Amino acid sequence: MWPLRGRVKRTNAKNLTVTMRDVAESSGFSPATVSIVLNNAPLARYIAPATKKRIEEAAKKLGYRPNAMARFLRSKRSHTVGLVFFDITDPFCTPVLRGIENALYPSSYVPLYADAHNQRNRFERYLEMLLEHHVEGLIVVANWLFVDINLLADLSKRNIPAATIGFELPGETVGSVMVDNETGGRMALEHLYQLGHRKIAFIRGPKMLIDSAPRWRGVQKFAHAAGLEIDSSLVLQLPDSLDPNSGFDGGHRLTEELLQRKKKFSALMAFDDLTALGAIRALTKAAIRVPEQCSVTGFDDVALSALSAPSLTTVRQPLEAMGTQAVDMVMEGINAGLEKREWNIVRKKMNPELVIRDSTRAVSHGSSDD
């Protein structure tokens with residue numbers, strides 16, 4: 001017979017569960033008293049501090065953890081907020097998520113994540129699943145959105161506060177947080193104009209994205225006010241694509257197309273940062289120095305913008321603050337429901353900020369503007 005060496009006796013996980021009754025036996029107090037203390041019930045204020053301390057020390061020593069399901073059945077509160085991204089691979093999402101988590105943490109709420117992969121069926125199924133988990137609120141990060149999410153308006157019938165980031169739904173049932181895209185578009189062009197650039201190429205955003213039209217509107221309004229002529233042969237548009245990272249390849253390919261047209265330009269304004277980085281790659285391959293011969297601007301200020309060479313001048317969206325604002329909206333709705341009071345749906349438009357780095361400079365005689 002082989003010796004039983006190194007064999008570990010395994011204990012059934014069920015037997016490892018520490019209950020309030022175990023804490024009561026260890027502390028010497030009744031299960032009712034223990035329940036009042038550990039649940040911080042209203043009657044807890046009448047229990048002596050020494051008793052509370054003894055019970056809490058016993059619970060800590062035993063490794064007691066509250067039963068979340070039992071607590072939900074008693075209070076009908078899950079202390080969770082559903083969080084749906086449309087494509088979490090988008091660099092846009094990381095600072096937004098940081099803002100959401102930082103805002104939820106002090107409230108003792110836990111986010112439940114889902115990534116819809118820009119698929120309507122997947123989005124609808126995740127929405128059902130989150131509702132089945134009794135989330136108390138919902139935040140939808142509608143980045144790079146190509147599907148219809150109007151069904152979110154139905155959440156008001158369930159009294160579940162909801163907010164979208166980067167998208168506005170019609171009606172007055174869902175809050176939203178967006179950057180002022182029109183102002184951002186104007187900022188980028190105004191910066192290039194002030195540097196002396198007049199022959200400027202543009203790579204517009206995909207037609208279906210909600211951000212594309214207002215950014216271009218900001219460009220057109222500034223150009224009209226400044227008397228700047230936009231050469232239509234220097235304007236190209238990214239194709240619709242479900243991949244939020246497609247802008248890099250699109251920016252590279254469209255910049256090569258601009259160069260093939262043999263029309264001179266001293267600056268290029270890209271729809272977003274990834275598109276701008278793709279444009280810089282194409283310009284560099286064509287031996288056009290950035291910014292000495294061509295300035296380039298982006299939009300968003302994702303982490304890669306500061307790390308690129310040259311670092312990218314861009315229009316910053318306050319992404320972390322947008323996540324925080326969305327949480328504030330949802331928590332206000334949750335608290336209003338608990339307090340049985342009215343609350344107002346808020347549509348917040350955040351101010352963009354021009355971040356000037358190394359990819360832009362004043363027009364020079366060595367640029368392609370000559």
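Engineer: Which parts of the structure should I look at to understand the confidence of the model for the chain?
Structural biologist: For residues with low pLDDT, the predicted coordinates do not support detailed interpretation. Per-chain confidence: the chain averages 89 in pLDDT, with 91% of residues scoring 70 or above. A low-confidence stretch, residues 1-15 stays under pLDDT 50, and its non-local contacts, those more than four residues away or across chains, total one contact.

Engineer: What's the story with helix H3 (residues 49-62) in this structure? I'm lost.
Structural biologist: At 3.6 residues per turn, the α-helix brings residues three or four places apart onto the same side. Its 14 residues give H3 an end-to-end C-alpha distance of 20 Å, which sits within 8% of 20 Å, the value for a rise of 1.5 Å per residue. Every buried residue of H3 is listed here: Thr51, Ile55, Ala58 and Ala59. Axial view of H3: buried residues confined to an arc of 100°, hence all on one face. Turned more than 90 degrees away from the buried face of H3, the exposed residues are Pro49, Ala50, Lys53, Lys60 and Lys61. If you follow the buried residues of H3, they end up packed against helix H1 (20-27) and helix H2 (31-38). Remark: glycine 63 follows H3 within two positions and exhibits a positive phi of approximately 80°.

Engineer: Before we go on, may I ask you to explain the packing of aromatic side chains in this structure?
Structural biologist: Two descriptors summarise a pair of aromatic rings, namely the distance from one centre to the other and the angle between the planes of the rings. Within this structure, the stated rule accounts for three aromatic pairs. For the pair tyrosine 193 and phenylalanine 222, a centre-to-centre distance of 5.5 Å together with 80° between the ring planes defines the contact as edge-to-face. Of the two residues, tyrosine 193 is situated in helix H7 (residues 181-194) and phenylalanine 222 in helix H8 (residues 212-226); the sequence distance between them amounts to 29 residues. The cationic tip of arginine 198 hangs over the ring face of tyrosine 193; the distance from NZ or CZ to the ring centre is 3.7 Å. Here the guanidinium or amino end of arginine 215 rests over the ring plane of phenylalanine 299, the centre of that ring lying 3.6 Å away.

Engineer: Hey, could you run me through the nonpolar core in this one?
Structural biologist: Soluble globular proteins: nonpolar side chains tend toward being buried together. Core analysis: the largest hydrophobic core is formed by 25 residues, its most contacted members being Leu258, Phe265, Leu268, Leu283 and Val296. If you list the elements that add at least two residues to this core, you get strand E6 (200-204), helix H9 (246-260), strand E8 (267-270) and helix H10 (273-285). Examining the composition of this core, we find that six residues originate from one element, H10, more than from any other. Membership of the second largest hydrophobic core comes to 24 residues, among which are Phe85, Phe92, Ile139 and Met322.

Engineer: Any chance you could explain the packing of H1 against H3 here in plain terms?
Structural biologist: Packed helices, taken two at a time, are described by their axes: the angle between them and the distance between them. Two elements in contact, H1 and H3, have axes whose closest approach is 9 Å; the angle formed by their N-to-C orientations is 120°. One way to sum up the angle between H1 and H3 is to call them oblique. In this structure, the crossing between H1 and H3 has a hand that is right-handed. Only Arg54, Ile55, Ala58, Ala59 and Leu62 of H3 make contact with H1, whose side of the interface consists of Asp22, Val23, Ser26 and Ser27. The class makeup of the residues in the contact of H1 with H3 is five nonpolar, two polar and two charged.

Rules of the game
Residues numbered from 1 in each chain as written. Predicted model: local features only at pLDDT ≥ 70, side-chain atom pairs only at ≥ 80, totals over all residues. Heavy atoms only, no water. pLDDT = per-residue confidence, 0-100. Contact = heavy atoms within 4.5 Å. Helix = DSSP H or I, 4+ residues; strand = E, 2+ residues; numbered from the N terminus. Expected span 1.5 Å × (residues − 1). Buried < 20%, exposed > 50% of the residue type's maximum accessible area, 1.4 Å probe, protein only. Arc of directions from axis to C-beta. Phe/Tyr/Trp six-rings, centres within 6.5 Å; stacked < 30°, edge-to-face > 60°. Lys NZ or Arg CZ within 6 Å of the ring centre and 35° of its normal. Core = buried A, V, L, I, M, F, W, Y, C linked by side-chain atoms within 4.5 Å. Axes fitted to C-alpha atoms, helices over the stretch in contact; angles between N-to-C directions. Parallel < 35°, antiparallel > 145°, perpendicular 65-115°, else oblique. Left-handed = near helix turned anticlockwise from the far one by under 90°. Nonpolar A, V, L, I, M, F, W, Y, C, P; charged D, E, K, R; others polar.

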